[in-house]
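Chains, contacts and geometry: an overview
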Amino acid sequence: MIERMTETTLPASLAEIRDEFLELPEPERLQLLLEFSNELPAVPARYEGHQELFEQVLECQSPVFIAIEVDDDRVAMFATAPREAPTTRGFASILVQGLSGLTVDEALAVPDDYPDSIGLRRAVSPLRLSGMTGMLARAKRQIRAKRHSS
Amino acid sequence: MTVEFDTSSPKFAEYAEPGRLVTGEWLEARLGQPGLVVVESDEDVLLYETGHIPGAVKVDWHTELNDPVVRDYVDGKGFADLLSSKGISRDDTVVIYGDKNNWWAAYALWVFSLFGHEDVRLLDGGRDKWIAEGRPITTEPTVRERTEYPVVERDDSVLRAYKDDVLAHLGNPLIDVRSPEEYNGSRTSAPAYPEEGALRAGHIPTAKSVPWARAVAEDGGFKPRAELDAIYREEAGLSDGDPIIAYCRIGERSSHTWFVLKHLLGFENVRNYDGSWTEWGSAVRVPIVTGDAPGEVPGRS
């Protein structure tokens, strides 16, 4: 039942990422997370020196900051996280790549438990994964807030 | 086979057990030596993959040292399986290092000690100091031949304290190594860490506040003996022969302090309360004190 609901509401971008992880044997999933970590895009120049535009994800043990833009009903997500925190960077990168470009409704329909569905619970541990759940919740909250102000 | 101690450092020579630490220089010169296994243990489960000391294996506190179901460590068989798969033998010299000034490295060392692995040491200053000194790092996967580590049951009676042990211990020295905000009750987790896992805030009655980082020098290594004595003996009032329990939030920062008290300062009876604040702060009807003063032992009824 839950499976089916997830299928119908999960955008293709995040479904693809999930499938990429699930296709790998567990130990190799960490390598894929590392690849995501290395791919975290730099934030646009207009954000440099503007820490106040970011929200800290307090659920993560490392300093990770996110920012959301809603422009013409399209979501763009940006994030910064230190190189010394590759796991957190990887989580941020998955959400940045998965949420950016979606419509507001598509992004808000992403299941809150998406982080639990990508096969990392054992490889990364539930406690660490809760950081990603917090990141998704904060991103969706910002999207909701910015939909009305955009 | 045991590797000789690092006797190159005048700082180490002052400690109660100088052999419990190694310098980067000593370790770099011995990488690959038979009988020596280097272990990286980090807070971040992927940090090892971004680059590690050549030949080092990773041991993750969360996914490997903890039991996946019960809040406990792996048992004797689990530990034997883990160390066998890492290619570690019972008589190997194990040198552990990690991020965050060796928090998790000290935690791993403490868990290895629960299983009586005799020769386990820390790389002074951990991962950051090794990198800052420009020493080699590689992403080359480490391949070690599987070993047959014996099944040795964990002995929790000497180095580990449970909640009931702490209750019975009240009146004897307790060291709270968390941040001042966690100690006085304004937070339940370290600043910049998620608020999680405890329903009440404050500290265990009579515990002295000595944040773990006070044991760390500017270069990321441990402070010299005289400075540590000033903090723990003069300021916190610990004396030889005292039974001591250290705690934090989940037992990792207090492993760092446990290492200092046990191996660097030579207190014989030091236990780590790994249940720490996430247990005490949620347990029903245990005494708690808020504010900056240690407080009194509550009357027992």
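In what follows, the accompanying structure is described. (Residues numbered from 1 in each chain as written. Chains lettered and ligands numbered in written order. Predicted model: local features only at pLDDT ≥ 70, side-chain atom pairs only at ≥ 80, totals over all residues. Heavy atoms only, no water.)

As a further point, take the overall build of chain B. On a plain count of helices and strands, chain B comes out with twelve helices and nine strands. Here chain B has a C-alpha radius of gyration of 19 Å; the compact-globule value for 301 residues is 19 Å, and the two agree. A total of 301 residues make up chain B; the buried ones form 57% of that total. In chain B, once contacts between residues fewer than 6 apart in sequence are set aside, the share between residues at least 24 apart is 75%. If you sum the accessible surface of chain B, you get close to 12,100 Å²; carbon and sulfur atoms cover 50% of it. Averaging the locations of the 32 positively and 52 negatively charged side chains of chain B gives two centres separated by 3 Å. (Helix = DSSP H or I, 4+ residues; strand = E, 2+ residues; numbered from the N terminus. Rg over C-alpha atoms; globule rule 2.2 N^0.38 Å. Buried < 20%, exposed > 50% of the residue type's maximum accessible area, 1.4 Å probe, protein only. Contact = heavy atoms within 4.5 Å. Areas by Shrake-Rupley, 256 points an atom, 1.4 Å probe, with all protein chains shown as cover. Lys, Arg positive; Asp, Glu negative; His and termini not counted. Charge placed at Lys NZ, Arg CZ, Asp CG, Glu CD.)

Attention now moves to the sheet that holds strand β2 (residues 65–71) of chain A. Residue and element names in this part refer to chain A. Spatially, the three strands line up as an open sheet ordered β1-β2-β3, and their pairing is antiparallel. Bordering the open sheet on either side are β1 (55–56) and β3 (74–80), each of which pairs with just one other strand. Relative to β3, β2 runs antiparallel, the two sharing seven bridges. Looking across to β3, one finds that Ile66 is bridged to Ala79. Where helix α7 (residues 126–149) meets the sheet, its contacts fall on β1, β2 and β3, and the angle it forms with β2 comes to roughly 35°. (Pairing = 2+ DSSP bridges. Axes fitted to C-alpha atoms, helices over the stretch in contact; angles between N-to-C directions.)

Residue and element names in this part refer to chain A. A cluster of acidic residues, Glu16, Glu20, Glu23, Glu35 and Glu39, forms a negative patch at the surface. With respect to the element layout, Glu39 can be found in helix α3 (residues 26–39). The partly exposed category is assigned to Glu39, whose relative accessible area is 43%. (Patch = residues over 30% accessible without salt bridge, like charges linked within 9 Å, V, L, I, M, F, W, Y side chains within 5 Å. Salt bridge = Lys/Arg side-chain N within 4 Å of Asp/Glu carboxyl O.)

Another aspect to go through is the layout of surface pockets. When its volume is computed, the largest pocket comes out at roughly 1,300 Å³. Around the largest pocket, the lining comprises 45 residues; the ones closest to its centre are B:Asp60, B:Trp61, B:His62, B:Thr63 and B:Glu64. Broken down by secondary-structure element, the contributors of at least two residues to the lining of the largest pocket are α3, α6 (121–124) and α7 of chain A together with β3 (57–58), α3 (61–65) and α4 (76–86) of chain B. If one sorts the elements of the lining of the largest pocket by residue count, α3(A) sits on top with five residues. Tallied by class, residues from the lining of the largest pocket come to 18 nonpolar, eleven polar and 16 charged. In this structure, the second largest pocket spans a volume of roughly 460 Å³. (1 Å grid on protein atoms, 1.4 Å probe; cavity = no way out; pocket = protein on both sides within 12 Å on 5 of 7 lines; lining within 4 Å. Points joined across faces, edges and corners; volume = space filled by probe spheres on them. Nonpolar A, V, L, I, M, F, W, Y, C, P; charged D, E, K, R; others polar.)

Moving on: the interface of chain B and chain A. Listed as interface residues are 19 residues of chain B and, on the opposing side, 20 residues of chain A. Both sides together, the interface formed by chain B and chain A hides about 1,500 Å², and carbon and sulfur atoms give 57% of it. Counting across the chain B and chain A interface gives one salt bridge. Counting across the chain B and chain A interface gives four residue pairs in polar contact (both at pLDDT 80 or more). With three residues, the top contributor of residues to the side of chain B that touches chain A is α3(B). Classifying every residue of the side of chain B that touches chain A by side-chain character gives seven nonpolar, three polar and nine charged. (Buried area = accessible area lost by both parts, 1.4 Å probe. Polar contact = N/O pair within 3.5 Å; in protein donor to acceptor, adjacent residues only side chain to side chain.)

Attention shifts here to empty space enclosed by the protein. All names here are of chain B. Throughout the structure, instances matching the rule amount to two cavities of 30 Å³ or more. Within this model, the largest cavity holds a volume of roughly 40 Å³. What lines the largest cavity is Asn101, Asn102, Gly125, Val216, Gly220, Gly221, Phe222 and His256. Looking at the lining of the largest cavity residue by residue, the classes come out as two nonpolar, six polar and no charged.

All names here are of chain B. Spatial ordering of the open sheet is given by β1-β5-β4-β2-β3, a layout of five strands whose pairing is parallel. Two strands lie at the open edges of the sheet, namely β1 (21–22) and β3, each paired on one side alone. In terms of strand pairing, β1 meets strand β5 (residues 120–123) through two bridges, oriented parallel. Bridging across to β5, Leu21 finds its partner in Leu122.

Let's shift gears to the packing of helix α2 (residues 12–22) of chain A against helix α4 (residues 86–99) of chain A. A packed helix pair is summarised by two numbers, namely the angle formed by the two axes and the spacing between the axes. Residue and element names in this part refer to chain A. Taken N-terminus to C-terminus, the directions of α2 and α4 make an angle of 140°; their axes are 8 Å apart at the nearest point. What the angle tells us is that α2 and α4 run oblique. Where α2 abuts α4, its residues Ser13, Leu14, Ile17 and Phe21 lie against Ile94, Gln97, Gly98 and Leu99. A class-by-class count of the residues in the contact of α2 with α4 yields five nonpolar, three polar and no charged. (Parallel < 35°, antiparallel > 145°, perpendicular 65-115°, else oblique.)

Turning next to the environment of B:Asp274. All names here are of chain B. If you trace the backbone, Asp274 turns up in the loop between β9 (270–273) and α12 (276–280). Under the relative-accessibility criterion, Asp274 is labelled buried at 8%. Remark: the alpha-carbon pair of Asp274 and Phe259, spanning 15 residues in sequence, is separated by 14 Å. In this structure, Asp274 is in contact with Arg71, Tyr73, Trp110, Arg160, Ala161, Ile250 and Gly251, ignoring residues within four places of it in sequence.

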